[in-house]
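Observations on chain architecture
Here is what each chain is made of, one letter per residue.
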Amino acid sequence: MPSEAENRLTSPRARNGRLSPEARNGPAPSEAEKGPPPKAKNGPGLPKATNGPGPLKATNGPVPPEAKNGPGPSEAENGPGHAAAADRRPATGADAGPRELLRPEVRFRPWRVLRSAPAPVWLITILFTLLLGSWSVLVPQYHAPDEPHHVDAVMRLAEGKGWPPVGHATASPETVGSIVEAPYGTRDNPRELAVGPFTEADATDRADRPEWRELPRPGQPAGDVQQMMQHPPLYYLAGAALVKLPPGAPQDLRFDLVIGLLRLMSVLMVAPLPLIAWAAAERITESRAAGRVAALLPLAIPMLTHIGSSVNNDALLVLAGALTTLALCYVLRGDTSARTGCWVGAFIGIAMLSKSLGIVFVPLAVVAYLLAWRRARGALAREGASAGEAGALPAPERTRADGAPFLLAEAAAGPAVSPAAARFPWRPLLTGTVAALAFGAWWFVVNLVRYHTFQPTTPGFVLGTELSGWGEFADVLVNGTILRWWGEFGWFEANLPELAARIGTVVVAVLAAVGIAAARPRARRVDLVLMLWPTAGLFGLMTLQSGLHFHDTSHASGISGRYLFAGLVALAVGVGAGAASAGRLSRFTPLVMLAGAVAMQAMAICVLFPRWWEGPGGDARDGLDALLAWSPWPPVAVEVVLGLCALTLLAVAVWAVVFAIRPVPRDPGERDAGKPGAMPLADLIAGNVGGPAGPYDWFGTGAHPLQPDAGTPQSDQTLTIPRRPGAHRHRKA
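Let us look at the structure shown here. Keep in mind that this is a model prediction, so the values were computed, not measured.

Next up on the list: empty space enclosed by the protein. Enumeration over the complete set of coordinates arrives at eight cavities of 30 Å³ or more. Here the largest cavity defines a volume of roughly 110 Å³. Taken together, 16 residues make up the lining of the largest cavity; nearest its centre are S136, V139, Q141, R263 and P632. At the level of secondary structure, the elements contributing two or more residues to the lining of the largest cavity comprise α6 (119-138), α10 (255-270) and α25 (620-630). A breakdown of the residues in the lining of the largest cavity according to their chemical character gives 10 nonpolar, four polar and two charged.

Our next topic: the side chain of T589. Within the secondary structure layout, T589 lies in helix α24 (residues 589-614). Contacts of T589, omitting those with residues within four sequence positions, involve A289, V293 and A579.

All right, on to the environment of P140 then. Here P140 lies in the loop between α6 and α7 (147-158). Taking the relative accessible area as the measure of exposure, P140 reaches 1% and is therefore buried. Each C-alpha atom, one on P140 and one on G490, is 9.0 Å from the other, the two residues being 350 residues apart in sequence. Those residues in contact with P140 that sit more than four places away from it in its chain are E147, P183, F198, R263, W612 and W613.

This next bit is on the packing of α24 against helix α26 (residues 635-661). Relative orientation and spacing of two packed helices are given, respectively, by the angle between their axes and the distance between those axes. The contact between α24 and α26 brings their axes to 8 Å, and the two run at 150 degrees. Relative to α26, the element α24 is oriented roughly antiparallel. Here P590, L591, L594 and V598 of α24 lie close against α26, whose contacting residues are L649, V652, A653, W655, A656, V657 and F659. Looking at side-chain class alone, the contact of α24 with α26 contains 11 nonpolar, no polar and no charged residues.

Let us now look at the pattern of salt bridges. Scanning the model with the defined rule gives 17 salt bridges in all. A salt bridge links E498 to R502; its shortest N-O distance comes to 2.8 Å. Remark: R502 and E498 occur in helix α20 (residues 498-518); sequence separation between them is four residues, near one turn of the helix. With relative accessibility at 46%, the residue E498 sits in the partly exposed group. Taken together, the shared-partner salt bridges in this structure form one network comprising D146, D314, K355 and R562.

Before going further, it helps to spend a moment on the environment of V360. When you line up the elements, V360 lands in the loop between α15 (338-354) and α16 (361-389). Each C-alpha atom of the pair V360 and T535 lies 9.1 Å from the other, and the pair is 175 residues apart in sequence. Contact partners of V360, with chain neighbours within four places excluded, come to W533, G537, L538 and L541.

The next subject is unusual backbone geometry. The step from G196 to P197 runs through a cis peptide bond, and the omega angle for that step is 5 degrees. Positionally, P197 belongs in the loop between α8 (173-181) and α9 (234-243). Across the junction of R520 and P521, the peptide omega takes the value 0 degrees, indicating a cis bond. Positive phi is not limited to glycine here, since Y142 has a value of about 70 degrees. With respect to the helices and strands, the residue Y142 is situated in the loop between α6 and α7.

Here is what the cut-offs are and how they apply
- Residues numbered from 1 in each chain as written.
- Predicted model: local features only at pLDDT ≥ 70, side-chain atom pairs only at ≥ 80, totals over all residues.
- Heavy atoms only, no water.
- 1 Å grid on protein atoms, 1.4 Å probe; cavity = no way out; pocket = protein on both sides within 12 Å on 5 of 7 lines; lining within 4 Å.
- Points joined across faces, edges and corners; volume = space filled by probe spheres on them.
- Helix = DSSP H or I, 4+ residues; strand = E, 2+ residues; numbered from the N terminus.
- Nonpolar A, V, L, I, M, F, W, Y, C, P; charged D, E, K, R; others polar.
- Contact = heavy atoms within 4.5 Å.
- Buried < 20%, exposed > 50% of the residue type's maximum accessible area, 1.4 Å probe, protein only.
- Axes fitted to C-alpha atoms, helices over the stretch in contact; angles between N-to-C directions.
- Parallel < 35°, antiparallel > 145°, perpendicular 65-115°, else oblique.
- Salt bridge = Lys/Arg side-chain N within 4 Å of Asp/Glu carboxyl O.

What follows is the structure, encoded as structure tokens:
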């Protein structure tokens, strides 16, 4: 009769959602149907126990490297169709070999990311969402970069006016009228930007605020040229679909509700960033501390919460860039399946249909697939060399369906690697290219045909700030990007203290550099270097566009740190890696990052709240009353969000403290780091599995390989012998 452990390993569906071979091919025959078991000498290379403490040997086929060095790998990391290591009891004896510490998630499945996120990461994500919601009412309407034009572009589509060619559209009369009603200017000069404060007495009662169709006024000036026509329309299509949902919308909606709904749409787009950053850092680093620090980084950037809570197409670009980064992290870990290629192409297409800056992810995707292909070839070469040194016969040719992914876990398993894994990844690249064109890259093909350029410029638009020369341009480019990455709010109305922005920049740069320098093995270091590309590529593209504009006009335009936010998740991976490389002190890094995030947000609020709401000589209660009076939402709803934000911050702080003071930092309900699921995959591939003197842990987060029990009989040891690529069995010797 099969043991309980074998029953779990052969269950039709493991808890991680993978189908076992039996679930795909039908149940295995019973003992009566199979008849007596075949002898080992005639079987397909079943393990044969020796009389001494030496390694197990297979009677047929090559001896895998694992057979020489100890027990074989768990089924969790050997590709699809295997039970998760989490479904087993803690292994003992030879069953507790270091290979059983491999993690099961090797393919990119978005729903698995959601299911596998621990409770603290969800808390951080909820905190970030509530923080964004708070910022959506903290910032007065239209006091965000280009917000009136973004709202106008959405309403143009909602009203069925289409997307005219560049330079053929102006802001609608309704948008011009909404500027007068919004807290944009003063009562005496409502169309000129005012920096506040906006008082409760100046706010119009919600019941008396005009609907969108009532906004045009006789004698009002004509609208400016609509610059958003140069951008792809995906964000604005999503906004148009949203504002058309309420009854009577969009014309019968109050203007402040239009702005409020669109701001909440941006909030929902940016809200998953901590979750995605955690998943990407976990995939690359296999470190709990790195994942938590990466998840906390978005909270530390006030400019991100400002842009992410306003009406701006950067919100969708940030989300698409984050998802692209996460999918490519799985590719770098070895997932070159056609399905993942389709995900990568779809995310890149969405990014490009949000903003032209999304093109920076195209070279990153190509390099990621080439690296995965190169690593597959290297793994197969090492497998052949190991087999040759052991004097074994070459492994028979194994076949694999085209499109099945090469997994680094299979490279670690030696004979489980198929020669087909070394083929050039033309299938995922082709699938991704088609998906990218279908989801958004086609827009720029149309631009090339219609305008003979990748992205046309808007005629008649404001040139920007005139500068004296290239030296001043370089100063604006570098210092302006740094300051506007951390926080230069509104229409350059207020900013974080420059010292805080510079200190934050140094901390991020140092952590990313330390993470790269400390990374082992070399493949992980290369992956972390690639994580810098989105930020560097976005900065380079911004520099090229603004430099060409300055060369032609002597004016600087299009320089802002917010254009780099699409690469934030990739940068968070590097920051998390640097924080986690602090060894035993890494368990304190989430707490330190949270403290830094609270400090940066507090500085931003202390700068903005008095300027926009409190005013000189006022107090916090008067400022809060003014904010609630101008908000499109009922005061009780805003107060509930603010209260929940404070409570969630307290919960995250408690978790960070508990994570720091535990001898082995782990989350509530998580197994000890010495149990299966804690060993970084790349360390096992490199052979760094620790020893009696202590465990090898690349990030110092407490991974403890289990040592075989010397008292366990040799006959009770198990060895994984591959039957076919991607399918294995564990049997008693």
